[in-house]
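Here is how the chains run, residue by residue.
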Amino acid sequence: MVMWHGVKKFGAIALGTGAGLGAYYYQKLRDNQQNVQMSWTNSDKPVNPCALWDSNWDCRSPKSLVKPLKNDTPQEQNRYNSELEKATPKVARHIILIRHGEYLDLGDTDDTHRLTSRGRLQAQYTGKRLQELGIKWDKVIASTMTRAQETCDIILKEIDFDPKDVKHCQFIREGAPIPPQPPVGHWRPEESQFFRDGARIEAGFRRYFHRASPSDKHDTYTLIVGHGNVIRYFVCRALQFPPEAWLRISINHASITWLTIQPSGNVNIKYLGDTGFMPAQYLTHRIPRDAKNVV
C-alpha cells in the first residue's frame, strides 16, 4: 500500500508538471503568434476593433430592412423568412471609376480647364479598353466639370452606350473630401473647403455605392467618369479603410478603378488606377505646369 501510494503521488506530480509545462508552452506559442501577427506595427496591442467589417455599411442589409420576429410561432417564422428572402440581393454591382484625362490649368474658371491633346488620347485608349472588356453598361455618370465631360464624350465614341442616357452629377465634382493623414505641405485647403466639399462628395458616395436591389436579375455595371480626389476617397470608403488615407493613393489620368459590391455587402477591388493598356509615353498623373512639352 505504501508503494502504491508513492506511485500515485509521483503520477500526480508528473501529471501536474506536464500540464503546467503544456500550459506554459501553449501560452508561449500564442505570444509568439501574436508577436508575428503584430510584427508589422509599432505596438503589440490587438488590432483596432474599428477595423472590423461593418456588414450594414450601406444600411441595406436584409436583416435591417425586415421587421424582427415578434414571437417563435411557425407563422411568424415563415413571415420573417419570406420577407428576408424578398429583401436579399441576388447579384453584384460593378462600379467602374475613370479619372479624367490630362488637362491644363490655365485659367480661373472650370471651362478653361480643358484636356490636352495627350489627355484626349488617354481617354481614347481608355474607351477602347472598356470596349475590349465587353461590358454591357447599365448606367454612365459623369462629373459636370469640363475635363470630366470631355473625357466622357471621348469614351462614349468607343463604347456601346447612348450619349443621351448619360447622367451628369454635381456631387462628384473635384474637391477636398477630408483632411488627409498624414498632412502634406504643398496642399492645404481651408477648413471651410473640407466642410463644404466633404459633405458633397460623401453624398455622391452614398448615392452610387450600395449593394444591388433585390429586384435586379443580373449583375449591373455603372461607369463613373470623375476625378482623382473623389475616386481615391470612394475607394477608401468602399473598402472601409480610414478615409483620411485617400491622399496616400496615386492614380493616373484616364485610369480604370473597378470595385464590386457583392450581394452580401462585401466589397472587393479588381483594378486600382489601371493604365497598363496605355503606351508608357502617355502615362501622367499630375497637371502639367505649362503647355510646353505636352503631347
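Below is a summary of the structure that appears in this document. (Residues numbered from 1 in each chain as written. Predicted model: local features only at pLDDT ≥ 70, side-chain atom pairs only at ≥ 80, totals over all residues. Heavy atoms only, no water.)

A word on the nonpolar core. If you look at the biggest cluster of nonpolar residues, it comprises 27 residues, and the most contacted ones within it are Leu-97, Ile-172, Phe-209, Phe-234 and Leu-259. Looking at this core, the elements with two or more residues in it are strand 1 (93–99), helix 6 (191–208), helix 7 (228–238) and strand 5 (256–261). Looking at which element gives the most residues to this core, the answer is helix 7, with 7 residues. In contact with Phe-209, other than residues within four places in its own chain, are Trp-57, Asp-58, Arg-93, Ile-95, Leu-97, Phe-234, Ala-238, Leu-259 and Ile-261. With 23 residues, the next largest nonpolar core counts Ala-148, Ile-155, Leu-156 and Val-225 among its residues. (Core = buried A, V, L, I, M, F, W, Y, C linked by side-chain atoms within 4.5 Å. Buried < 20%, exposed > 50% of the residue type's maximum accessible area, 1.4 Å probe, protein only. Helix = DSSP H or I, 4+ residues; strand = E, 2+ residues; numbered from the N terminus. Contact = heavy atoms within 4.5 Å.)

Counted under the stated rule, the structure contains 8 aromatic pairs. Between the aromatic rings of Trp-258 and Tyr-271, the centroid separation amounts to 5.6 Å while the plane-to-plane angle is 85°, which identifies the pairing as edge-to-face. Of this pair, Trp-258 sits in strand 5 while Tyr-271 sits in strand 6 (residues 267–274), and the two are 13 residues apart along the sequence. With respect to class, Trp-258 is no different from Tyr-271; both count as buried. What links up through ring pairs into an aromatic cluster is the set Trp-57, Phe-205, Phe-209, Tyr-233 and Phe-234. The lysine or arginine in question, Arg-147, covers the ring of Tyr-103, its NZ or CZ lying 4.2 Å from the ring centre. In this structure, Lys-270 packs its charged tip against the face of Trp-258, placed 4.1 Å from the ring centre. (Phe/Tyr/Trp six-rings, centres within 6.5 Å; stacked < 30°, edge-to-face > 60°. Lys NZ or Arg CZ within 6 Å of the ring centre and 35° of its normal.)

Helix 5 (residues 146–156) sits mainly inside the fold: 9 of its 11 residues count as buried. Three or more residues of helix 5 are buried, namely Thr-146, Arg-147, Ala-148, Glu-150, Thr-151, Cys-152, Ile-154, Ile-155 and Leu-156. For helix 5, the elements touching its buried residues are strand 1, helix 4 (117–132), strand 2 (139–143) and strand 4 (220–226).

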